[in-house]
Amino acid sequence: PPPPPPPPAPGPLRLNPPPRVRYSSLGMANLLSQRELPPDYAAGASSERGERDASRPLLADFLPPPDEATPDRILDRFLEWVAETGLEPYPAQEEALLELMAGRHVILNTPTGSGKSLVALALHFKALAEGRRSVYTSPIKALASEKFFALCDDLGPERVGMLTGDASINPQAPVVCCTAEVLSNMALRHGEALDAPYVVMDEFHYYSDEERGVAWQVPLLTLPRTRFLLMSATLGDVSAIAEHLRAATSFEAAPEVAVVRGTERPVPLDFEYRETPLHETVEELVAGGRSPVYIVNFTQRECAERAQALTSMQLTDRDRKQAIAEAVGGFRFDSPYGKELRRFLSFGIGVHHAGLLPKYRLLVEQLSQQGLLRVICGTDTLGVGVNIPIRTVLFTRLSKYDGKKVSILSVRDFQQIAGRAGRKGFDEEGSVVCQAPEWVIDNKRAEEKAAGDAKRKKKLVRKGPRPGEVPWSEQTFRRLIERPPETLVSRFKITHGMVLELLQRDTEADDPGRRNFASLRDLVARSHEDDATKARQLSEAAVLIHSLYRAGIVGMVRDRRTDYLWVTVDPDLQLEFSLHQTLSLFLVQALALLDREQPDWTLDVLTLAESILEDPTVVLRRQADKEKDRVLAELKEQDVPYEVRVERLKEVRHPQPRADFIHGVFEGFREMHPWVGHQDIRPKSVGREMFERYASFADYVREYGLQRSEGVLLRYLSQLYKTLAQTVPESFRTPELHDALAYFRTLVERVDSSLLEEWESLLHPGLAPEQAVEAPRERPAAALLADPAAFAARVRTELHQVLRALAAGDWEEAAAAVRHDSDSPWLPERFEAAMAPFLAEHGELAFGPEARRHRHTTLRATGPGRWEATQAFLDAEGETLWHLAGEIELHPEDSLDRPLVLPLRIGT
């Protein structure tokens, strides 16, 4: 058919559009997670700067009046601020600033520490001066949150927001920080109608990342009216990307793409190859005034073990220990790993990796910025620009496991990490030190000991690399230093999630011609691939569309007059329905095969959702170890021979409920959907096990010894919650499934709210940290009250948390889980006294699946904004004569940051 006519010029669309009339449980949860500013902060932050460092002027105070916001005036005002801060731009910065103010795209490739952030700040300043919106993107949430707080400091917290996919802070702000995936999803959904006239993409070398690179390319393809600033220290040859970006720009007077390069590094680096044991290297570096030292490891386990080994060394003095204690103050180390981390910090040793809770990583970064830590043991996430001021980068090895095999670091990875050494304004020189392989160091030591002793030298047995280890040498080190970074490679690919976003965009367009898969065709045509690859991707997209059609997610109607295919998306799906997990479509189709009449239906839904998620390997390994211990005890009790026990233990795996059913259904799914290829399903039971027992996060961590991997568990549970909320269709939402959603939502939210608390402390600088946590968060109850099922699930979740605490005899936890009347609060001792008669009569309070049945919880409206809530107690005889009675008073404008249920009595 002929190409459809061009669509009408779109109007502006907010990054976070206001909620529509109809709410799903996810819509409610997302709305609740959005912390808006109180009205009294709308006028500006200059009067609320409080404890902010007065020596650094607020950039927002330099904004020109709207009628004077010309490029020249904006640049002049920005440079005035730069001069007042005492900075002097480098030539590359000046060139980039001029190109940005001229309205050009800029690709900025300068060394780490050369001020790329200042150039990005100028673009945000330009957008504010023009009354337009700007977006900052990064590859990881840690960097997005760091830039978020830095921008709050320079622009005022009321002008800056953050979107991470889990929650949002001040989402309607004119400057928004987010991850690349968040911007990519919004760009797919709204195209050039997205209100994002200026975009900064930091660490742009992720464009070449095999798994995530597509998220860095999509905005370049779908936002033709946006001006981009692409930044990295290790870009390599970007001529092809610059040409693609130039061709994709559609606004008038299409700008050129300015590639700005600089080689001047403010803090030069020296490089050293060491053949001394690691503890000696660290001692010499610290003693020689070359700390802070960042010790680069490539696994989280190595980080923890390295930190533990360093506690035996004298790295810090008494005064510094006292300063650390004062800086830590009343920080809550309230997770199972908190105690160990606190001990490391007391020795002047930090730990920083993705296995830590976000609040712990943030604390390590803050202490590092204050110069209190001598050594930080971390992973290669250091190379992603997280602001940990260090003087020396110490590589423990030059090879790592990339998920498929062990190989030598790429030039880009090495230079990204090495470039973090040296702090502008603090160091005259930074150091990059590389350790020789351990076996080389051991051989050298043995040879030194045998020197002069011919007999001993003759018996010397030299070591070699361990099986699977890839050796490196000083020549390897020098090659990584001297070679240029590899050329970036396009990683564009089509997924179900992308197809669905684009189909929804076309379905809602006013132009019928858009429904002939116009957005999908445009995206593939604009991609940075060759023609043959584009043709293949269109064929793959057709296969994915037919998969969606067979699953009933989309419908198709052919217009006989124009021969267009009209695509419709199932109107019964929740507004936030998505298919961003690779096998999300399998989950949708498999749900229909479960028997809703079975008592374990909700648990089986959890298992299906978990089966499409990436494995949290460390958690599954601990589950398997526990299962092996149980099986071994049984075999020993049965006097099974040792050889048989060994063979039986080899077969033990982590729990995989409904594995036969899931694998059988998946094989049929694979036959119907050839795009699945070699992908496999992964049954597991982490979230299911936690929900079945209603376990707390801390209890589960302690049970499986996951203290060093708390962040892994938290991230997995967050992904499970989002998968349940976004991918399970609304038609499958039972009250029990609403309970599961409320359970995971509450669990994830309560484990770590560090970013929100720090942002609130910026808004309320006069409050103590403990008080800032209680500051109003503007979480109105309107959306919750608009969804009766979600409201009932929230109440049941709170009552079950109280029930769990009472069953465990944890009176403090019970008191923390309820609302309090100021005249008669339910303190721990009151709960203990109220439960004494019940325990004396029945011995214990049951807390299992039967005790949490819906029939044991009642919620009855007693008036406008008032409810009566009752949780029955299940005793050892299976009776429910006792109960907890409470009341709820909640109005649409009320806050949801505290428990809803106010206990009234415990009795019969």
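Throughout what follows, the structure given in this document is the object of discussion. Note that this is a predicted model, so its numbers are computed, not measured.

## Focus: the overall build of the protein
A count of helices and strands for the protein gives 35 helices and 23 strands. Relative to its 908 residues, the protein shows a buried fraction of 54%. In the protein, of all internal contacts separated by at least 6 residues, the share reaching a separation of at least 24 is 74%. Surface summary for the protein: the accessible area is close to 39900 Å², and the carbon and sulfur share equals 51%.

## With respect to the pairing of strand E21 (residues 866-872)
Counted residue by residue, E21 has five buried out of seven residues, so it is predominantly covered. The pairing of strand E20 (residues 857-863) with E21 spans six bridges and is classified as antiparallel. Bridge pairing in E21 links Ala861 to Trp867. Counting the residues in the hairpin turn of E20 and E21 gives two residues, including Gly865, whose phi is positive at 70 degrees.

## A word on the pairing of strand E6 (residues 175-179)
For E6, a buried count of five out of five residues is recorded, marking the element as mostly surrounded by other parts of the structure. Burial along E6 is two-sided: the residues Val175, Cys177 and Thr179 and Val176 and Cys178 are all buried. Where strand E3 (residues 134-138) and E6 come together, five bridges link them in parallel fashion. Opposite Val135, over in E6, you have Val176 as the bridge partner. Examined bridge by bridge, strand E4 (residues 160-163) and E6 share four bridges and lie parallel to one another. Bridged to Met162 within E6 is Cys177.

## A short note on the pattern of salt bridges
Applying the stated criterion to the full structure yields 53 salt bridges. In this structure, Arg693 and Glu703 form a salt bridge, with 2.9 Å as the shortest nitrogen-oxygen distance. You can see Arg693 sitting in helix H26 (residues 687-693) and its partner Glu703 sitting in helix H27 (residues 697-704), a full ten residues away along the chain. The exposure class assigned to Glu703 is partly exposed, which follows from its relative accessible area of 32%. Beyond isolated ion pairs, a larger network of salt bridges with shared partners links Asp270, Glu272, Arg274, Glu284 and Arg290.

## Some remarks on the sheet that holds strand E13 (residues 375-378)
As summarised here, the arrangement of the six strands in space is E10-E17-E14-E11-E13-E12, forming an open sheet in which the pairing is parallel. Whereas interior strands pair on both sides, the edge strands pair on one side only; in this sheet they are strand E10 (269-274) and strand E12 (349-352). The average angle at which neighbouring strand axes cross in this sheet is 20 degrees, direction not considered. Where strand E14 (residues 392-395) meets strand E17 (residues 430-435), four bridges bridge the pair, whose relative direction is parallel. The residue bridging Phe395 from the neighbouring strand is Cys434, located in E17. Packing of helix H17 (residues 474-482) onto the sheet brings it into contact with E10 and E17, and relative to E10 it is tilted by some 160 degrees.

## A short note on H17
Among all positions of H17, only Thr476, Phe477 and Leu480 are buried. Around the axis of H17, the buried residues are gathered within 100 degrees of arc, so they sit on the same side. In H17, the exposed residues that point more than 90 degrees away from the buried face are Gln475 and Glu482. Summarising the contacts, the buried residues of H17 are in contact with E10, strand E16 (406-408), helix H14 (411-418) and E17.

Definitions and limits used
Residues numbered from 1 in each chain as written. Predicted model: local features only at pLDDT ≥ 70, side-chain atom pairs only at ≥ 80, totals over all residues. Heavy atoms only, no water. Helix = DSSP H or I, 4+ residues; strand = E, 2+ residues; numbered from the N terminus. Buried < 20%, exposed > 50% of the residue type's maximum accessible area, 1.4 Å probe, protein only. Contact = heavy atoms within 4.5 Å. Areas by Shrake-Rupley, 256 points an atom, 1.4 Å probe, with all protein chains shown as cover. Pairing = 2+ DSSP bridges. Salt bridge = Lys/Arg side-chain N within 4 Å of Asp/Glu carboxyl O. Axes fitted to C-alpha atoms, helices over the stretch in contact; angles between N-to-C directions. Arc of directions from axis to C-beta.

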